[in-house]
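Summary of the model geometry
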Amino acid sequence: MDELNGKLIACQILITGLIARVANEQRDPLRFLTDFRDEIKAVVNGVNIAGMDNTDRVRAVAQKTVDELFSLMKPPSSD
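Summary of the structure given here. The model shown is predicted, which means the values in this text are computed figures rather than measured ones. (Residues numbered from 1 in each chain as written. Predicted model: local features only at pLDDT ≥ 70, side-chain atom pairs only at ≥ 80, totals over all residues. Heavy atoms only, no water.)

Moving on, we get to the overall build of the chain. When helices and strands are counted, the chain shows three helices and zero strands. Along the chain, from the amino end to the carboxyl end, the secondary structure elements read α-α-α. Each of the 79 residues in the chain was classed as buried or not, and the buried ones make up 16%. For the chain, contacts bridging at least 24 residues in sequence account for 46% of all contacts bridging at least 6. Counting only carbon and sulfur atoms, one obtains 56% of the accessible surface of the chain, whose full area is about 6400 Å². (Helix = DSSP H or I, 4+ residues; strand = E, 2+ residues; numbered from the N terminus. Buried < 20%, exposed > 50% of the residue type's maximum accessible area, 1.4 Å probe, protein only. Contact = heavy atoms within 4.5 Å. Areas by Shrake-Rupley, 256 points an atom, 1.4 Å probe, with all protein chains shown as cover.)

See below:
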């Protein structure tokens, strides 16, 4: 289980870095991140979760993960 958690954390870090890289190449990176976050949340809300009794809990954890990923991203420095 620890190996799986480590791989998931590594994947989250990789995705966060990729999103930040793409955002930095945009004219308005904060707007891009906001729009992208909203799209990801819409996907999480609409994804079909099969084979589980409590899909609301799974969806809530997924939403929390999305919020945590985007909270790691800081606005561009003023330098």
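Look at helix H2 (residues 29–46) against helix H3 (residues 55–71): their axes get within 9 Å of each other, and the N-to-C directions meet at 170°. One way to sum up the angle between H2 and H3 is to call them roughly antiparallel. The way H2 lies across H3 gives a crossing that is right-handed. Note on element contacts: H3 touches H2 through Arg59, Ala62, Gln63, Val66, Asp67 and Phe70, opposite Leu33, Phe36, Arg37, Ile40, Lys41, Val44, Asn45 and Gly46. Residues that form the contact of H2 with H3 fall into these classes: seven nonpolar, three polar and four charged. (Axes fitted to C-alpha atoms, helices over the stretch in contact; angles between N-to-C directions. Parallel < 35°, antiparallel > 145°, perpendicular 65-115°, else oblique. Left-handed = near helix turned anticlockwise from the far one by under 90°. Nonpolar A, V, L, I, M, F, W, Y, C, P; charged D, E, K, R; others polar.)

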